Amino acid sequence: GKNIKGIISALLVPFDEEGRVNEAGLRQIIRHNIDEMKVDGLYVGGSTGENFLIETDVKKQIFDIAKDESKDDIHLIAQVGGMNVYEAIELGQYATELGYDAISAVTPFYYKFSFAEVKEYYQDIVNAVDNDLIIYSIPVLTGIEMGLKEFEELFALDNIIGVKFTAADFYLLERLRHSFPDVLIYSGFDEMLFPAAIYEVDGAIGSTYNVNGIRARGILEAVKDNDLAKARQLQKESNDLIEAILANGLYPTLKRLLQLEGCDEGPFLSRKPMASITDEQLEEAKRIHEELL
Ligand code: NGF
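Residues numbered from 1 in each chain as written. Predicted model: local features only at pLDDT ≥ 70, side-chain atom pairs only at ≥ 80, totals over all residues. Heavy atoms only, no water.

What follows covers the pairing of strand β4 (residues 102-106). Burial analysis of β4 places five of its five residues in the buried class, which makes it a mostly covered element. Residue alternation in β4 divides its side chains into two sets, Ala-102, Ser-104 and Val-106 and Ile-103 and Ala-105, and both sets are buried. Looking at chain direction, strand β3 (residues 75-79) and β4 are connected through three bridges and run parallel. Within the sheet, the bridge partner assigned to Ala-78 lies in β4 and is Ile-103. (Buried < 20%, exposed > 50% of the residue type's maximum accessible area, 1.4 Å probe, protein only. Helix = DSSP H or I, 4+ residues; strand = E, 2+ residues; numbered from the N terminus. Pairing = 2+ DSSP bridges.)

A few words now on the site of the ligand. Near the ligand lie 19 residues; those nearest to it are Thr-48, Tyr-136, Gly-188, Glu-191 and Ser-207. Protein contacts shield 94% of the accessible area of the ligand, which totals 490 Å² for the unbound molecule. Considering only residue class, the shell around the ligand consists of nine nonpolar, seven polar and three charged. (Near = heavy atom within 4 Å. Areas by Shrake-Rupley, 256 points an atom, 1.4 Å probe, with all protein chains shown as cover. Nonpolar A, V, L, I, M, F, W, Y, C, P; charged D, E, K, R; others polar.)

The next point concerns helix α7 (residues 170-179). Of all the positions in α7, only Leu-172, Leu-173, Leu-176 and Arg-177 are classed as buried. Across the axial projection of α7, the buried residues extend over an arc of 135°, all falling on one side. In α7, the exposed positions that point more than 90 degrees away from the buried face belong to Tyr-171 and His-178. Contacts made by the buried residues of α7 are with α6 (148-155), β6 (160-165), β7 (184-187) and α8 (193-198). Its side-chain oxygen placed 3.3 Å from the backbone nitrogen of Tyr-171, Asp-169 serves as the N-cap of α7. (Arc of directions from axis to C-beta. Contact = heavy atoms within 4.5 Å. Polar contact = N/O pair within 3.5 Å; in protein donor to acceptor, adjacent residues only side chain to side chain.)

Turning our eyes to something else, we now look at the confidence of the model for the chain. Per-residue confidence for the chain averages 97 on the pLDDT scale, and 100% of its residues sit at or above 70. Both scores are given for the predicted complex: the pTM is 0.98, the ipTM 0.97. (pLDDT = per-residue confidence, 0-100.)

Here we come to the sheet that holds strand β5 (residues 133-137). Spatial ordering of the closed barrel is given by β1-β2-β3-β4-β5-β6-β7-β8, a layout of eight strands whose pairing is parallel. Across the sheet, the mean angle separating the axes of adjacent strands is 25° when strand polarity is ignored. Bridge analysis of β5 against β6 gives five bridges, and the strand direction is parallel. Paired with Tyr-136 across the strands is Lys-164, a residue of β6. Its contacts with the sheet put α6 on β5 and β6, and the angle it makes with β6 is roughly 145°. (Axes fitted to C-alpha atoms, helices over the stretch in contact; angles between N-to-C directions.)

Bringing the pattern of salt bridges into the picture now. Using the criterion set out here, one finds 23 salt bridges in the structure. A salt bridge links Lys-5 to Asp-202; its shortest N-O distance comes to 3.8 Å. One end of the pair, Lys-5, is in the segment before β1 (6-10); the other, Asp-202, is in the loop between α8 and β8 (203-206), with 197 residues separating them in the sequence. Asp-202 gets classed as buried once you look at its relative accessible area, which sits at 16%. The salt bridge involving Arg-287 is made with Glu-284; its shortest N-O contact spans 3.0 Å. Note that Arg-287 and Glu-284 are positioned in helix α12 (residues 279-291) at a spacing of three residues, about one turn of the helix. Look at the salt bridges and you will find they share partners, linking Glu-23, Arg-27, Arg-31, Asp-35, Asp-68, Glu-69 and Lys-71 into a network. (Salt bridge = Lys/Arg side-chain N within 4 Å of Asp/Glu carboxyl O.)

The next subject is unusual backbone geometry. Between Lys-272 and Pro-273 the backbone carries a cis peptide bond, its omega angle lying at 5°. Within the secondary structure layout, Pro-273 lies in the loop between α11 (250-260) and α12. Even without a glycine there, the phi angle at Asn-159 is positive, about 75°. Here Asn-159 shows up in the loop between α6 and β6. Phi is positive for Asn-226, close to 65°, though the residue is something other than glycine.

Their axes nearest at 10 Å, the elements helix α1 (residues 23-36) and helix α2 (residues 56-70) cross at an angle of 45°. Between α1 and α2, the angle is such that the two are oblique. Considering only the axes of α1 and α2, their crossing is right-handed. Every residue of α2 that contacts α1 at Glu-23, Leu-26, Arg-27, Ile-30, Arg-31 and Ile-34 is listed here: Gln-61, Ile-62, Ile-65, Ala-66, Asp-68, Glu-69 and Ser-70. Residues belonging to the contact of α1 with α2 are distributed by class as follows: six nonpolar, two polar and five charged. (Parallel < 35°, antiparallel > 145°, perpendicular 65-115°, else oblique. Left-handed = near helix turned anticlockwise from the far one by under 90°.)

Here is the structure:
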């Protein structure tokens with residue numbers, strides 16, 4: 001099995017006024033993650049990358065850039081899932097040829113798919129793509145809730161090696177950890193990394209690690225060292241930051257913080273219909289940068 005563990009940033013993508021990828025800025029964000037945040041990996045094509053708003057060839061372009069900039073220095077996971085399983089397969093094959101360590105696929109959303117449909121979607125992807133796959137479960141955005149039994153069926157499929165668990169259900173997390181000691185489990189909510197670490201997740205995938213990767217690593221390490229007071233303190237500092245970021249607009253604020261950290265090439269806009277940052281939000285981002293980062 002693969003050893004993709006630790007802190008993994010869900011990569012942010014800066015866009016220009018026309019909605020095109022700002023490649024120079026994207027490369028700076030990747031470098032910032034590797035050189036300053038010391039991340040173990042990048043999760044490319046996630047919610048944080050505004051992935052569900054962009055065309056297939058642009059998704060490929062982003063996979064190209066992330067691979068080209070990070071070479072073999074860190075783990076790379078390509079999120080290829082969505083509502084179009086044929087696109088997921090095409091992207092999965094593409095990222096696998098590029099050398100991505102694993103692919104990941106969100107549960108299909110919008111229509112209320114049955115579990116049988118969700119399972120077939122994963123079966124179709126792993127049948128067609130010669131790579132390991134990490135399930136991306138995020139019920140708050142997809143409406144797809146799965147329990148222990150459903151996860152058990154998915155983990156029984158060939159090449160399914162893990163789950164990005166983006167939920168506050170710590171009962172289910174404990175049952176999963178206990179039942180599947182060899183499955184890779186990633187914490188998906190950055191503001192709950194400390195309790196997830198107590199349940200011995202293998203790592204964490206999230207948006208705020210683009211700017212808060214050092215504290216996040218500290219949380220994982222403090223829990224490993226059994227220094228719970230330290231871990232709780234680091235989570236408290238992280239949550240002061242995350243709370244302010246969420247209140248000011250998640251992705252626009254994260255992009256602005258990256259600019260303030262020196263990723264300064266070109267526009268750092270959102271992809272429409274996601275709103276870009278306003279003047280008021282810019283001011284607040286400056287305060288967050290000075291006081292909380
Ligand atoms: O952005 C969301 C939406 N969740 C991310 C993460 O779970 C998913 C989380 O880091 C993700 O990053 C991706 O697929 O790209 C939050 O942004 C963070 O915990 C703040 O709430 O729920």
